[in-house]
Amino acid sequence: MGAPIAVGVDGFAESPPAAHWAAREALLRDLRLRLIHAWNPPSPPAPALPHEDDPSYWSQRLLTDLVGELRDTHPGLRVSAELVPRETVPALLDAARDAEMLVLGSSGRDTPGGFLLGSTGRQILAHGVHPMIMVHADDQPLTADVAVGVSLRQPNEEALRFAFDAAARRGGVLRAVHAGTSGPGHEEAAGREEGPGAEGALEAALRPWRERYPGVPVAEALTAERPALGVVHTAPGSGLLVLGRDETEPGPVPHLGSVIHAAVHHAPCPVAVVPRG
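Residues numbered from 1 in each chain as written. Predicted model: local features only at pLDDT ≥ 70, side-chain atom pairs only at ≥ 80, totals over all residues. Heavy atoms only, no water.

1. Considering the overall build of the protein
For the protein, the count of helices and strands is 8 helices and 10 strands. Taking all contacts inside the protein whose residues are at least 6 apart in sequence as the whole, residues at least 24 apart take part in 82%. About 13,000 Å² of surface is accessible on the protein, with carbon and sulfur atoms providing 54% of the total. (Helix = DSSP H or I, 4+ residues; strand = E, 2+ residues; numbered from the N terminus. Contact = heavy atoms within 4.5 Å. Areas by Shrake-Rupley, 256 points an atom, 1.4 Å probe, with all protein chains shown as cover.)

2. Digging into the pairing of strand β4 (residues 101–106)
Within β4, 5 of the 6 residues are buried, leaving the element largely enclosed by the surrounding structure. Here strand β1 (residues 5–8) runs beside β4; their pairing, made up of 3 bridges, is parallel. The partner of Ala6 across the bridge, within β4, is Leu102. As judged from the 5 bridges shared by β4 and strand β5 (residues 132–136), these two strands associate in the parallel manner. Bridging from a neighbouring strand, Gly105 pairs with Val135 of β5. (Buried < 20%, exposed > 50% of the residue type's maximum accessible area, 1.4 Å probe, protein only. Pairing = 2+ DSSP bridges.)

3. Looking at unusual backbone geometry
Positive phi is not limited to glycine here, since Asp30 has a value of about 55°. Along the chain, Asp30 falls in the loop between α1 (15–29) and β2 (33–38). Exposure remark for Asp30: the relative accessible area of 59% places this residue in the exposed category.

4. Describing the nonpolar core
Among the nonpolar cores identified, the biggest contains 47 residues, and Leu33, Leu35, Leu70, Val103, Val150, Leu174 and Val242 are the most heavily contacted of them. A total of 7 residues in this core trace back to one element, the largest contributor, which is helix α5 (residues 157–170). Here Val150 is in contact with Leu160, Ala176, Val177, His178, Leu202, Ala205 and Leu206, once residues within four sequence places are set aside. Ranked by size, the runner-up nonpolar core spans 36 residues in total, among them Val232, Leu241, Ile260 and Ala262. (Core = buried A, V, L, I, M, F, W, Y, C linked by side-chain atoms within 4.5 Å.)

5. Some words on helix α6 (residues 198–212)
With 15 residues, α6 should cover 21 Å at 1.5 Å per step; its first-to-last C-alpha distance of 22 Å lies within 8% of that length. At Leu206, α6 shows its strongest bend, of approximately 40°, with the proline Pro208 following within four residues. Regarding α6, the residues found buried are Ala198, Leu202, Ala205, Leu206 and Trp209. Each element contacted by the buried residues of α6 is listed here: α5, β7 (174–179) and β8 (218–223). (Expected span 1.5 Å × (residues − 1). Bend = angle between axes of the 7 residues up to and from the residue.)

Encoded structure:
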């Protein structure tokens, strides 16, 4: 039995859309779905309370109700739920280590916090060891197409594998884009490879994966836009945007890079962040 798909849930409005996205993905991959709700209990433990007054009661009720909703909406779904008495970040990172991927919800773009990646999301995206998917409450309707950002200096093979596999499972087109401009201050860009050789470099980066997934139609694109803009502008019309993540430098505030930051805040579809192996 394969590793499950894990999804972090809480009492906010973005949790159900993330859980339903994860449920569809679990059915697509024939995997189990594991709901995780981290709840940091008081220390020392609070005295026994009637169940309606006990915070853990409402946390468990949240999971029970969501499990029932998912089973009703997605027949055949294998789903379990777990209330984890730990702080959110370590609980989700531990769950992610044992999962095929971790799915998290993010506020919609029309809400006051819609453009702010909170501390929890930033820590998870920076330190997760398997693919992590951010699902917005107001993502556009699902399509089968998948977009992937490609660096030409050092392609992230794990991200390309994930993107080709996702497109193959969905039966959609893979849109592979390389964006960047040369010049100082654009360390994430691959502009040094642009010009006559950029098209050939993109084709070479994709070739092994096109051979492995011959049934996946691929649309290649080069743009001189800054990577953060070029990748986000490729996302409309796709059901998933896949980005690679390099090793995160240690520090109190994880640095995800401008491309991932822009995509999580502005892409109109779920965003998969895939760490380099």
